[in-house]
Structure formats: structure tokens, C-alpha cells
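Commentary on secondary and tertiary structure
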Amino acid sequence: MNKRLRVDLHNHTTLCNHATGTVEEYVKRAIELGIDEYGFACHAPMNFDPKYRMKLEERNIYEKWVNEAKEKYKDKIKVLLAYEVDFLNGFMLDEILNANVDYLIGSVHFLQNKNEMWGFDNPEFIGVYKSVDIDKIWEDYFDAIEAMAKTNYFQIVGHLDLIKVFKFLPKKDVRLIAKNALKQIKKSNMILELNPAGLRKPIEETYPSKALLEEAFDLGINITFGSDAHSVEHVGFGYSEI
């Protein structure tokens with residue numbers, strides 16, 4: 001009987017400026033947990049929101065760290081090199097979109113509100129939820145997910161329904177709101193990440209919700225797993241739940 005692979009493909013490093021621990025510490029913990037394939041997908045450089053991502057000039061050190069771990073521990077675990085890229089037209093970098101990596105995770109963390117961008121998963125912007133129609137926010141978010149999938153730059157969809165993070169939920173059926181985005185994800189042959197980081201947030205629920213996961217299953221969308229670790233303690237977090 002073939003062993004079922006245990007994978008964890010969405011993990012960060014200190015270069016994103018909001019994570020702790022070394023690459024080696026993460027890999028050693030993954031080995032302890034019996035993870036077979038462990039991917040680093042730290043927040044990619046971009047000409048926006050520099051506070052929460054690596055600088056372009058830090059790209060080489062990031063890739064060096066991961067590639068060194070890949071070689072050092074190759075007999076114990078398969079280490080993968082990737083980036084989590086914020087989908088934001090006009091700010092993404094060609095150097096990252098065309099990088100020689102194992103995969104790219106496409107994520108949406110920013111939406112347009114009037115003439116400004118707001119980071120909807122950042123507590124600093126939580127007031128926006130109360131000033132704009134909640135269904136409009138959700139529709140804008142899934143429109144962005146759909147547009148992200150249409151680019152064909154990315155292989156994995158990061159935390160599909162991250163917009164629920166602070167528990168501001170839509171009045172409309174989320175399955176209807178996400179319908180076109182999910183169809184495009186399937187059309188673009190992207191893989192959906194099951195991400196337990198929401199269990200650590202106010203929503204206290206994995207990404208995506210069961211309802212959206214059922215829709216994805218009906219469409220034949222494949223899945224993978226990523227703990228979205230920002231500390232060594234997060235490695236393998238919530239794996240049994242997801």
C-alpha cells in the first residue's frame with residue numbers, strides 16, 4: 001500500500017518582517033512531524049506594502065536559505081522553494097512572476113475602497129468593514145480572486161476565503177458570491193490550498209469554509225495543504241482538522 005504524502009506548502013520566514021524562527025528550525029520541526037514535502041512561500045517582494053514583505057534585494061538570501069536547506073536535508077524531507085504573491089495589478093514584479101521556483105501561491109490581501117487600497121486582513125483597517133456594504137466587500141474580493149486565477153501566473157490559490165478573517169460575513173450565499181471565481185480556478189487548473197490559519201483568527205475556521213470546499217469538490221478542483229506558519233510552533237498546525 002502506498003504511503004499517503006503529508007505536505008505543507010505555505011510557510012514563511014523572518015524576511016516578511018512578521019515571522020520568527022530560522023529556515024532550519026522550520027525544516028527540522030517538519031521532519032519531526034513526519035512531513036514529506038515542506039514548502040517555503042514567503043511574502044514576495046512587491047512595490048506595495050513593504051512593511052510586511054521582503055525587499056527585492058533580499059530575494060537572493062531567501063532563495064539561498066531555502067536551497068541550502070533543500071540540499072542539506074534532501075535525504076529526510078523534500079524542501080520546496082516558492083513565493084506567496086499578492087495579486088495587485090501594477091505592483092507585482094516580473095522578476096517574481098517569472099522566477100525559477102517550484103510554484104507560486106496567488107493570494108489576495110488588498111481591495112480598492114474609493115481611491116485607496118486597504119488590507120482587509122490587517123486590524124488597522126477593520127473600520128472599513130463597517131463603512132461599506134458587506135456583500136460588496138465580499139463580491140469585490142471574489143472578483144479579485146477570479147482575476148488572479150485568469151492570469152495563469154499561479155499554481156495554488158492561497159486561503160480562498162481570507163475575507164472572512166474578522167467574522168464580517170455576507171448576507172448573500174457565499175457559494176453564489178464565489179461561483180465565478182471557483183469556475184475560473186478550475187479553468188486555470190489551479191490547486192486550492194486548505195489552510196488552518198483561520199483557526200488562529202477571530203473566524204476560528206479553516207480556509208476555505210466547508211461550503212466552499214464542497215463547491216470546489218463538485219467542480220473537480222484539486223487540493224493541497226499549507227499551515228501558513230509564521231513561527232516554528234505553527235509548523236503542521238491544524239493538520240488533523242483540515
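Just so you know, these numbers come straight off a predicted model, no measurement behind them.

Quick word on the packing of helix α5 (residues 174–187) against helix α6 (residues 210–219)
The contact between α5 and α6 brings their axes to 10 Å, and the two run at 40°. On the basis of the axis angle, α5 is oblique to α6. Two packed elements cross with a definite hand, and for α5 against α6 that hand is right-handed. Of the residues in α6, those touching α5 at Val174, Arg175, Ala178, Leu182, Lys183 and Lys186 are Ala211, Leu212, Glu215, Ala216 and Leu219. Residue classes in the contact of α5 with α6 are distributed as seven nonpolar, no polar and four charged.

A word on the packing of aromatic side chains
Evaluated as defined, the whole model comprises 14 aromatic pairs. Aromatic pair Phe48 and Phe91: ring centres 5.1 Å apart, planes at 55°, arrangement tilted. Taken together, the residues Phe48 in the loop between β2 (37–43) and α2 (59–72) and Phe91 in the loop between β3 (78–86) and α3 (94–97) connect sequence positions 43 residues apart. For Phe91, a relative accessible area of 27% corresponds to the partly exposed category.

Regarding empty space enclosed by the protein
Empty space among the atoms can be located by rolling a probe the size of a water molecule over them. Scanning all chains against the criterion turns up one cavity of 30 Å³ or more. Size it by volume and the largest cavity reaches roughly 30 Å³. When grouped by side-chain class, the residues that make up the lining of the largest cavity number six nonpolar, two polar and one charged.

Some remarks on unusual backbone geometry
Tyr207 connects to Pro208 through a cis peptide bond whose omega is -5°. Structurally, Pro208 can be placed in the loop between β8 (191–194) and α6.

Regarding the sheet that holds strand β4 (residues 103–107)
Strand order in the open sheet formed by seven strands is β1-β2-β3-β4-β7-β8-β9, with parallel pairing between adjacent strands. Each edge of the sheet is formed by a strand with only one pairing partner; in this case those strands are β1 (7–8) and β9 (223–225). Packed on one face of the sheet, α2 meets β2 and β3 and runs near 155° to β3.

Examining the environment of Gly127
Position of Gly127 relative to the elements: it lies in the loop between β6 (116–119) and α4 (134–150). Relative accessible area serves as the criterion here: at 45%, Gly127 is assigned to the partly exposed category. Once the C-alpha coordinates of Gly127 and Tyr38 are considered, the two residues, 89 residues apart in sequence, prove to be 36 Å apart.

A word on the nonpolar core
One recurring pattern in soluble globular proteins: nonpolar side chains tend to sit buried together. In this structure, Tyr83 and Phe142 are the most contacted members of the largest nonpolar core, which totals 72 residues. Here this core gets nine residues from one element, more than from any other, and that element is α4. Formed by ten residues, the second largest nonpolar core is a distinct cluster that contains Leu80, Tyr103, Ile105 and Leu194.

Remarks on the pattern of salt bridges
Counted by the stated rule, this structure contains 15 salt bridges. Residues Lys64 and Glu68 are paired through a salt bridge, measuring 2.9 Å at the closest nitrogen-oxygen approach. Remark: Glu68 and Lys64 occur in helix α2; sequence separation between them is four residues, near one turn of the helix. Judged by its relative accessible area of 43%, Glu68 is partly exposed.

Focus on helix α1 (residues 23–32)
Within α1, the full set of buried residues consists of Val23, Tyr26, Val27 and Ala30. The arc enclosing the buried residues of α1, seen along the axis, measures out at 95°, which places them on a common side. Looking at the packing, one finds that the buried side of α1 touches β2, α2 and β3.

Overview of the layout of surface pockets
Estimated volume of the largest pocket: approximately 630 Å³. Of all elements in the fold, only β3 and β6 reach the threshold of two or more residues within the lining of the largest pocket. No other element matches β6, which puts three residues into the lining of the largest pocket. Taken together, the residues that form the lining of the largest pocket break down as twelve nonpolar, nine polar and ten charged.

Criteria and cut-off values
- Residues numbered from 1 in each chain as written.
- Predicted model: local features only at pLDDT ≥ 70, side-chain atom pairs only at ≥ 80, totals over all residues.
- Heavy atoms only, no water.
- Axes fitted to C-alpha atoms, helices over the stretch in contact; angles between N-to-C directions.
- Helix = DSSP H or I, 4+ residues; strand = E, 2+ residues; numbered from the N terminus.
- Parallel < 35°, antiparallel > 145°, perpendicular 65-115°, else oblique.
- Left-handed = near helix turned anticlockwise from the far one by under 90°.
- Contact = heavy atoms within 4.5 Å.
- Nonpolar A, V, L, I, M, F, W, Y, C, P; charged D, E, K, R; others polar.
- Phe/Tyr/Trp six-rings, centres within 6.5 Å; stacked < 30°, edge-to-face > 60°.
- Buried < 20%, exposed > 50% of the residue type's maximum accessible area, 1.4 Å probe, protein only.
- 1 Å grid on protein atoms, 1.4 Å probe; cavity = no way out; pocket = protein on both sides within 12 Å on 5 of 7 lines; lining within 4 Å.
- Points joined across faces, edges and corners; volume = space filled by probe spheres on them.
- Pairing = 2+ DSSP bridges.
- Core = buried A, V, L, I, M, F, W, Y, C linked by side-chain atoms within 4.5 Å.
- Salt bridge = Lys/Arg side-chain N within 4 Å of Asp/Glu carboxyl O.
- Arc of directions from axis to C-beta.

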